[in-house]
Amino acid sequence: MDLSTLAMWAAAALGAGFALLGVTGVLAPEFAARAYGIPADTPGTRSWAAAAAWRDVAAGAAVLIVASTSTPAVTGAVLFALALIPFGDMVTVARHGVRDGSAYLPHLAGFAVVAAVGTVLVAL
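Source: prediction; values computed, not measured.

(A) Inspection of the overall build of the protein at higher detail. Of the regular secondary structure elements, the protein holds six helices and zero strands. The secondary structure elements of the protein, listed N-terminal to C-terminal, are α-α-α-α-α-α. Expected size for 124 residues packed as a compact globule is a radius of gyration near 14 Å; at 15 Å, the protein falls within 12% of this value. With the C-alpha coordinates aligned to their principal axes, the bounding extent of the protein is approximately 45 × 25 × 20 Å. The 124 residues of the protein split such that 36% are buried. On the protein, the mean spot of the 5 positive side-chain charges and the mean spot of the 6 negative ones are 9 Å from each other.

(B) Here's a closer look at the layout of surface pockets. Reported here for the largest pocket is a volume of approximately 270 Å³. Among the secondary structure elements, those contributing two or more residues to the lining of the largest pocket are α1 (3-27), α2 (29-36), α3 (43-69), α5 (84-95) and α6 (105-123). Its residues assigned to classes, the lining of the largest pocket shows nine nonpolar, three polar and three charged.

(C) Region of the structure containing the pattern of salt bridges. In the structure shown here, the tally under the stated rule is two salt bridges. For the salt bridge of R55 with D56, the shortest nitrogen-to-oxygen distance reads 3.2 Å. The exposure class of D56 is buried, given its relative accessible area of 2%. Its salt-bridge partner being R55, residue D89 comes within 2.9 Å of it at the nearest N-O pair. Of this pair, D89 sits in helix α5 while R55 sits in helix α3, and the two are 34 residues apart along the sequence. Judged by relative accessible area, D89 falls into the buried class, the value being 8%. Relative accessible area serves as the criterion here: at 28%, R55 is assigned to the partly exposed category. Put simply, R55, D56 and D89 are held in one network by salt bridges that share partners.

(D) Highlighting the environment of S68. Within the fold, S68 resides in helix α3. The spacing of S68 and G88 is 20 residues in sequence and 26 Å in space, taken between C-alpha atoms. In this structure the side chain of S68 is engaged in a polar contact, spanning 3.1 Å, whose partner is the backbone oxygen of I65.

(E) How the structure looks around the nonpolar core. Among the nonpolar cores identified, the biggest contains 17 residues, and A11, L14, L79, L82, V114, V117 and L121 are the most heavily contacted of them. When residues of this core are traced back to their parent elements, those giving at least two are α1, α3, α4 (72-82) and α6. In terms of residue count, α1 provides more of this core than any other element does, six residues in total. Judged by nonpolar contacts, the second largest core, of six residues, contains I38, M90, V93 and V98.

Conventions we followed
- Residues numbered from 1 in each chain as written.
- Predicted model: local features only at pLDDT ≥ 70, side-chain atom pairs only at ≥ 80, totals over all residues.
- Heavy atoms only, no water.
- Helix = DSSP H or I, 4+ residues; strand = E, 2+ residues; numbered from the N terminus.
- Rg over C-alpha atoms; globule rule 2.2 N^0.38 Å.
- Buried < 20%, exposed > 50% of the residue type's maximum accessible area, 1.4 Å probe, protein only.
- Lys, Arg positive; Asp, Glu negative; His and termini not counted.
- Charge placed at Lys NZ, Arg CZ, Asp CG, Glu CD.
- 1 Å grid on protein atoms, 1.4 Å probe; cavity = no way out; pocket = protein on both sides within 12 Å on 5 of 7 lines; lining within 4 Å.
- Points joined across faces, edges and corners; volume = space filled by probe spheres on them.
- Nonpolar A, V, L, I, M, F, W, Y, C, P; charged D, E, K, R; others polar.
- Salt bridge = Lys/Arg side-chain N within 4 Å of Asp/Glu carboxyl O.
- Polar contact = N/O pair within 3.5 Å; in protein donor to acceptor, adjacent residues only side chain to side chain.
- Core = buried A, V, L, I, M, F, W, Y, C linked by side-chain atoms within 4.5 Å.

The following block contains the structure:
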């Protein structure tokens, strides 16, 4: 399997992962809010988690569509754009005063992986 095929499969896996993360948040917004690093102790935080979950479902679907119908460069560019989601989530957690460093790890890892796969795809 060549690097291009492998990277496109990685992009599709990221899309599926985003979508599954979103479905988890739709079904269990309190769990998702805690996973995002924000306590789900108010209706507002539970609502925020549900909204973010639908965003993740849509982002995952977009990646799956682009990865299955487009070129590696376009797929990579879309991944770069979508890397703003975990980066923005990390900024949001920070702006709300979360001090627990482990709350940042999923967002940082998501940003790094999405940006890395996007970089490989654009470079091909």
